[in-house]
Amino acid sequence: MQLLAGTTKKKGKAPDKEGRGEAEAGPSRNQLAKERPPLFAEELWACIYCNYCSAECPTAREVGWESTTPRGKIRMFKSLVDQWSPKRGVEVPDAFVRAIYECTSCGRCSVVCHVGIDFLTHHEELRRWMARSGCGPMEDHDVMVRSLENYGNPYLSPSRDRARWAEGLDLPTKGELLYFAGCSDSFVHPDVARRTVAVLRALGMDVAYLGNDEPCCGSTTARLGLESPFADLASDVRTRIEGSGAKLVVTACPGCSSAFREYYPKAGFDLDVEVVHLAELPDRELRKGRLRFRDRLPGRYVYYDPCHLGRIDGVFEPPRRVLEACVEEVVELARNHEESLCCGSGGGLKTAFPDQATSIGGRVVEMAQDARADTLVTACPWCETNIGDASAARTAGLRVVDIIEVVHQALRLDEAEEGTEKRKRRAPGRLVG
Ligand code: SF4
Ligand code: SF4
C-alpha cells in the first residue's frame, strides 16, 4: 500500500500575515496541482468576509495570521481557483499548504458561519484534493503515516503489542458486543482499555475483542485527506467486524466512532451494526434503572466536550448524566456543548505543530482552573493526552481522566481483581457502587 503519493517536502519558514517569508525557506516545495480545485467549494463564494468564524477558530486565535483564519483560507483558495487552467493546473504555495494543515477539524467554523458555509466539509475536501495532487499532507505528517503503513497504528508501536493491554482478560474474538479499543487506548492509555472491559462486564455485558487483528479505524488518514489508505483501512475494519458477528460496536474514541458513523458511509463502507460511543452505554443503563452508584466520588469535576463526540456527533448529555450520577460536584467550563473550545490535538495539528496544540490545550486548562475544578473529565483519548500534556506543561495540577475511569472508580472495580469470572457474570441489578 503506497500511502504517500507525494507529501510536501519541506516545512519552510512560517510566512508572515501577508504570506511573505517563503523566499527564506530554501528551495521551494511548491507543487503543481493539475486537477481542478473542488467544484463544490464554489459555495465558498458566498463568504461575506465578516470574519466571525476567525474569532472562533482555535488555530487562528493561536497563530494570529490572516492566512490561518477560515476567511484567509477562503481568500487564498479563491485565488488558486482563478489561477487554475486545464493546461497548466495551478501552483499551490507553501503558505496555503501550511494554512490548510493548521486546522484541528474542530468544526466550530461550520457552526458559527452567518451564511451557512460548512467550512469543515470544504476544508476536508481541500485536503483530499491536495493529497491527490501531491501537495499534502505536510512532511511532519510523514512519520505518522509511515507508522500506519508499517505498524498499523499512528504511534510507531509494534503491531504485536496492540492487544497487550488485554492479557489475562480472556476476551473472545467473536460476540454480539464488540469492543473496538482503537489505537489510542491500545497503545497510549491501556489502563483505560482494561477499565472499559471491567465496566462493560460489570454492566453484565459479554465483551468480544479482535485482539491483534483489530485494524486502525483510519480516521487520521481521512482527516489528512488520504483517500486510498483510508479506503484500505475501512475495508479491512468492515471485513473484521462482519467476521466477529457483532451487532453492537462500542468504542471509547470519538475518532473511531465518528469514522464509523460519518466517514465510512460517505466512502461506501457502511457498517451493518449499531455503533455507540462508550460514554453512551452507562447512560443507557442508568436510564433503565439498571445502574446506580451508592456513594458519589468526592471532588469538583468538570466535563469537557470533545469536538467530534459533541459538536459533530451531537453527544452532549449522556456523559454529563453519568458524571452527575457518580461524583459529588459537577461544574461547567465557560465554553461548553456546541461552543466547546477544541483541545488542540485533532486534524493532525499535534503531529505537525505540537507547540500550537499544547498551547490550545492550555486554554482548556485555564478554563478548568477558572471553574475551580480539580478533575477534568473527557470522553476522548486524544483530548485526554493533549489537555493532560498542557496541564503538565503548566504544572497546573489538573487531573485529566476519561469518563470510564470515573465510572470504574465509582463502581469500586479497582477493589476487586479485574477480569475474573465473578465480575464477568455480575448481574446488572446488583450494580451498586
Ligand atoms: S475546523 Fe476548527 S480549526 Fe479548522 S478552520 Fe474551522 S474553526 Fe479553525
Ligand atoms: S463566518 Fe462564514 S461568511 Fe463570515 S468569514 Fe467566516 S466563512 Fe466567511
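Summary of the structure given here. This one's a predicted model, so the numbers in the text were calculated from it and none came from an experiment.

## Describing the overall build of the protein chain
For the protein chain, the helix and strand inventory stands at 20 helices and nine strands. Partitioning the intrachain contacts of the protein chain with sequence separation of at least 6 by distance along the chain shows that 78% fall at a separation of at least 24.

## Considerations on the sheet that holds strand β8 (residues 375–378)
The strands that make up a sheet are held in pairs by hydrogen bonds between backbone atoms, and each pair lies either parallel or antiparallel. Overall, parallel pairing links the four strands, which are arranged β7-β6-β8-β9 in an open sheet. For this open sheet the edge positions go to β7 (327–331) and β9 (399–402), each flanked by a neighbour on one side alone. Within this sheet the neighbouring strands show an average axis-to-axis angle of 35 degrees, counted without direction. Relative to β9, β8 is paired through four bridges, and the arrangement is parallel. Bridge pairing in β9 links Thr 378 to Asp 402. Strands in contact with helix α15 (residues 317–326) are β6 (297–303), β7 and β8; relative to β6, the strand with the most contacts, it is inclined by about 165 degrees.

## What to know about the pairing of β6
Consecutive residues of a regular strand have side chains that alternate between opposite faces of the sheet. Pairing of β6 with β7 involves four bridges; the strand directions are parallel. Bridge pairing in β7 places Val 302 opposite Val 331. Sheet analysis places β6 next to β8, joined by three bridges and oriented parallel. Note that in β8 the partner of Val 302 across the bridge is Leu 376.

## Side note on the pairing of strand β3 (residues 177–180)
Every second residue of β3 is oriented toward a common face, with Leu 177 and Tyr 179 on one face and Leu 178 and Phe 180 on the other, all of them buried. Summarising the sheet, β3 and strand β4 (residues 248–251) pair through four bridges and their orientation is parallel. Bridge pairing links Leu 178 to Val 249 in β4.

## Let's talk about the site of ligand 2
Ligand 2 sits among 14 residues. The nearest are Cys 47, Cys 50, Cys 53, Arg 71 and Cys 113. At the level of elements, α1 (52–56) and α3 (70–83) are the ones that each hand at least two residues to the shell around ligand 2. Classifying every residue of the shell around ligand 2 by side-chain character gives eleven nonpolar, two polar and one charged.

## With respect to the packing of helix α17 (residues 354–370) against helix α18 (residues 381–393)
Each pair of packed helices can be described by the angle between their axes along with the distance between the axes. Where α17 contacts α18, the two axes come as close as 8 Å, and the packing angle between them is 80 degrees. When the axes of α17 and α18 are compared, the pair comes out roughly perpendicular. Seen from α17, the contacting residues are Ala 357, Thr 358, Gly 361, Gly 362, Val 364 and Val 365; seen from α18, they are Asn 386, Ile 387, Asp 389, Ala 390, Ser 391 and Ala 393. Counted by class, the contact of α17 with α18 contains six nonpolar, five polar and one charged residues.

## Quick word on the site of ligand 1
Of all residues adjacent to ligand 1, which total 16 residues, the nearest are Cys 57, Cys 103, Cys 106, Arg 108 and Cys 109. Residue assignment for the shell around ligand 1 shows that the elements contributing at least two residues are α2 (58–63), α5 (108–112) and α6 (119–132). Across the shell around ligand 1, the residue classes break down as nine nonpolar, five polar and two charged.

## Describing α3
With 14 residues, α3 should cover 20 Å at 1.5 Å per step; its first-to-last C-alpha distance of 20 Å lies within 8% of that length. Taken residue by residue, α3 has Pro 70, Arg 71, Gly 72, Lys 73, Ile 74 and Phe 77 as its buried positions. Those residues of α3 that are buried lie in contact with α1, α4 (94–101), α5 and α6.

## Focus on α18
An α-helical segment advances 3.6 residues per turn. Residues three or four places apart therefore align on the same side. With 13 residues, α18 extends 18 Å from end C-alpha to end C-alpha; this agrees with the ideal 18 Å at 1.5 Å per step. In terms of burial, α18 is largely enclosed, as eleven of its 13 residues are buried. Of all the residues in α18, the buried ones are Pro 381, Trp 382, Cys 383, Glu 384, Thr 385, Asn 386, Ile 387, Gly 388, Asp 389, Ala 390 and Ser 391. Directly after α18, the chain includes Thr 395, whose backbone phi takes a positive value near 40 degrees.

Reading guide: rules and limits
Residues numbered from 1 in each chain as written. Chains lettered and ligands numbered in written order. Predicted model: local features only at pLDDT ≥ 70, side-chain atom pairs only at ≥ 80, totals over all residues. Helix = DSSP H or I, 4+ residues; strand = E, 2+ residues; numbered from the N terminus. Contact = placed C-beta atoms within 7 Å. Pairing = 2+ DSSP bridges. Axes fitted to C-alpha atoms, helices over the stretch in contact; angles between N-to-C directions. Buried ≥ 20, exposed ≤ 12 C-beta atoms within 10 Å, placed from the backbone. Near = placed C-beta within 6 Å. Nonpolar A, V, L, I, M, F, W, Y, C, P; charged D, E, K, R; others polar. Parallel < 35°, antiparallel > 145°, perpendicular 65-115°, else oblique. Expected span 1.5 Å × (residues − 1).

Honestly, that's just the spatial picture; any functional story needs more than this.
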